[in-house]
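# Inside the fold
What follows is the residue order along each chain.
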Amino acid sequence: MADSAAEPSARQGTRNTVVLLVFTAITNLADGVTKIALPLLATQASGSPAQVSAVSLTLSLPWLLAALHVGVLVDRADRRRLLWAANGLRLLALGALIPVAADGGITIPVLCAAGAVLGVAEVIALTAASALIPALTPPEGRERANAWIAGAETVCNEFCGPFVGGLLLAAGTGLALGVTWVSYLAAAFVLILLAGRFRAARPATATATVAATATATATETPAPAPESVNQQIAGGLRYLWRNVLLRTMALILTVLCACWGAWLALMPLFATDVMDVTPREYGAILSALGIGGLVGALAVTRVNRLFGRRWVMFADLVGTFAMMAVPALTTSVWAVAAAAFAGGMGGTLWTVNSRTIAQHLVPDGMLGRYNAVSRLFSWGAMPIGAGLMGLLAEWLGLRLAFAVFAASVAVTILPFLRVLTRHALAEAFAEERA
């Protein structure tokens, strides 16, 4: 299935995992800072909620508008160079923003432009980094690599980034943006330490076709023209849809991510108006979500051995169901926090295992498009879930809105049990070894 490039050794895989971990930690920390810095700067430039929301939207909208095309790019180009290009875009965006902020000339259009560039850079970086793992780590090391990187994403993007961003902004806008710029620059230099193959492996059939074409005579049928970008996008979508295991995982994840978007959108209002919590108690609920994610990243290898990959992934359905059902039943801070912990832990367990399955099952030359399509399904569902939750809360009330989303998670249980069987998962890993 792959070209003749040698598989990385265990030592080389450990080194590459550490390099990717450091790169992920630095860039996600910086991303977390920008995601709090730009909206806060927007509040200084405008008092309009719509304009402030527009700045936040530009950071995530590229996942809906550009993910599929970026997936094709990742399958065509050198993936390490794409990571450098992503950080180059980040440096350009922040480099242009720093002097404007220093002069006090921040405007909403300027922030939207910077947010759009940073959003596109994030799409490129996350898609390329996920696609690099199979080429840089041996099969036995991929679960560990995915666990470490998922843990770094959770800790740095969701906790440390916003916290550090708040401290830096308190010290000065210029300092916050400057430190973030230096962080992206440092992360770019870290990538020099990667060792291995950075382009997608060419399928054996394609290699044979090229060899045959090279020796063909002028009277023979010419080789078919290369696929266009749209054809490759369609090929990636067909590949996902025709594989029952991958399709079911993507659809279930769409429902789960819609629930996450709904929970994050409504919990602030629910916590203040219904639960009547203090700021410290609300912080504890949000912290429980992230702590659960970190615990999941640290424990995934061990719990996979104890319970099997299937039931560990099923824990995400249980955790997400608890996140949505508990607020519908009680206003206890501890119960809601415990459910958030379960949801956060289940989310990381699913993320690590689903990435590992895909990296064993999806051909290297298709990984960029697969990762892009998968994130389009999942990340694109979060704003949809948030919007639906708002409408349901208006029509049915806050508690019934949570109950409806809990019911949607329950609907995914039967497809999960029927498709993600022990035999299907074993076949996914056996296919690469064959």
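For clarity, every value in this text was computed on a predicted model and none was experimentally measured. (Residues numbered from 1 in each chain as written. Predicted model: local features only at pLDDT ≥ 70, side-chain atom pairs only at ≥ 80, totals over all residues. Heavy atoms only, no water.)

Looking only at helices and strands, one finds 18 helices and zero strands in the chain. Its C-alpha atoms give the chain a radius of gyration of 22 Å, near enough to 22 Å, the size a compact globule of 434 residues would have. For the chain, the C-alpha atoms occupy an extent of roughly 75 × 55 × 40 Å along the three principal directions. Looking at the chain alone, contacts between residues at least 24 apart form 87% of all its contacts between residues at least 6 apart. About 19,400 Å² of surface is accessible on the chain, with carbon and sulfur atoms providing 68% of the total. Here the chain carries 28 positive and 22 negative side-chain charges, and the mean point of each set is 6 Å from the other. (Helix = DSSP H or I, 4+ residues; strand = E, 2+ residues; numbered from the N terminus. Rg over C-alpha atoms; globule rule 2.2 N^0.38 Å. Contact = heavy atoms within 4.5 Å. Areas by Shrake-Rupley, 256 points an atom, 1.4 Å probe, with all protein chains shown as cover. Lys, Arg positive; Asp, Glu negative; His and termini not counted. Charge placed at Lys NZ, Arg CZ, Asp CG, Glu CD.)

Enumeration according to the criterion identifies four aromatic pairs in this entry. Relative to F314, the ring of W311 lies with its centre 5.6 Å away and its plane at 85°, an arrangement referred to as edge-to-face. Of this pair, W311 and F314 both sit in helix α13 (residues 309–329), three residues apart, which is roughly one turn of the helix. On the basis of relative accessibility, which here comes to 38%, the residue W311 falls in the partly exposed class. (Phe/Tyr/Trp six-rings, centres within 6.5 Å; stacked < 30°, edge-to-face > 60°. Buried < 20%, exposed > 50% of the residue type's maximum accessible area, 1.4 Å probe, protein only.)

With that settled, the discussion passes to the packing of helix α5 (residues 79–102) against helix α8 (residues 173–190). Running from N to C, α5 and α8 cross one another at 160°; their axes reach a closest spacing of 9 Å. One way to sum up the angle between α5 and α8 is to call them roughly antiparallel. Once α5 is placed against α8, the crossing between them reads as left-handed. Residue-level contacts link W84, N87, R90, L91, L94, G95, L97, I98 and A101 of α5 to T173, L177, G178, T180, W181, Y184, L185, A187 and A188 of α8. (Axes fitted to C-alpha atoms, helices over the stretch in contact; angles between N-to-C directions. Parallel < 35°, antiparallel > 145°, perpendicular 65-115°, else oblique. Left-handed = near helix turned anticlockwise from the far one by under 90°.)

This part covers the confidence of the model for the chain. Counting all residues, the mean pLDDT for the chain is 84, and 90% of those residues have values of 70 or more. Across residues 204–219, confidence stays below pLDDT 50; counting only partners more than four residues off in sequence or on other chains, it has four contacts. (pLDDT = per-residue confidence, 0-100.)

So, on to the nonpolar core. By size, the foremost hydrophobic cluster in this structure holds 91 residues, and its most contacted members are W263, M324 and F402. The greatest single-element share of this core, amounting to 17 residues, is contributed by helix α11 (residues 244–274). Not counting residues within four places of it along the chain, the set of residues in contact with F402 comprises W263, L266, M267, F270, M324, P327, A328 and M389. One finds L38, L97, L111 and A114 within the second-largest nonpolar core, a separate group that totals 20 residues. (Core = buried A, V, L, I, M, F, W, Y, C linked by side-chain atoms within 4.5 Å.)

Right, let's get into a nonpolar patch on the surface. Together, I384, L388, L391, W395, L396, L400 and V404 line one region of the surface with nonpolar side chains, adding up to about 710 Å² of accessible area. Taken together, the elements giving at least two residues each to the nonpolar patch come down to α15 (367–396) and α16 (398–411). With five residues, the top contributor of residues to the nonpolar patch is α15. The class for W395 is exposed, based on a relative accessible area of 65%. (Patch = residues over 30% accessible without salt bridge, like charges linked within 9 Å, V, L, I, M, F, W, Y side chains within 5 Å. Salt bridge = Lys/Arg side-chain N within 4 Å of Asp/Glu carboxyl O.)

Now for the environment of T351. Tracing the backbone shows T351 in helix α14 (residues 333–361). In this structure T351 comes out as partly exposed when scored by relative accessible area, which is 25%. Note: C-alpha distance between T351 and A150 (201 residues apart in sequence) is 7.3 Å.

Let us now look at the environment of A186. Take A186: it is sitting in helix α8. Sequence spacing of A186 and Y239 is 53 residues, and the spatial spacing of their C-alpha atoms is 37 Å.

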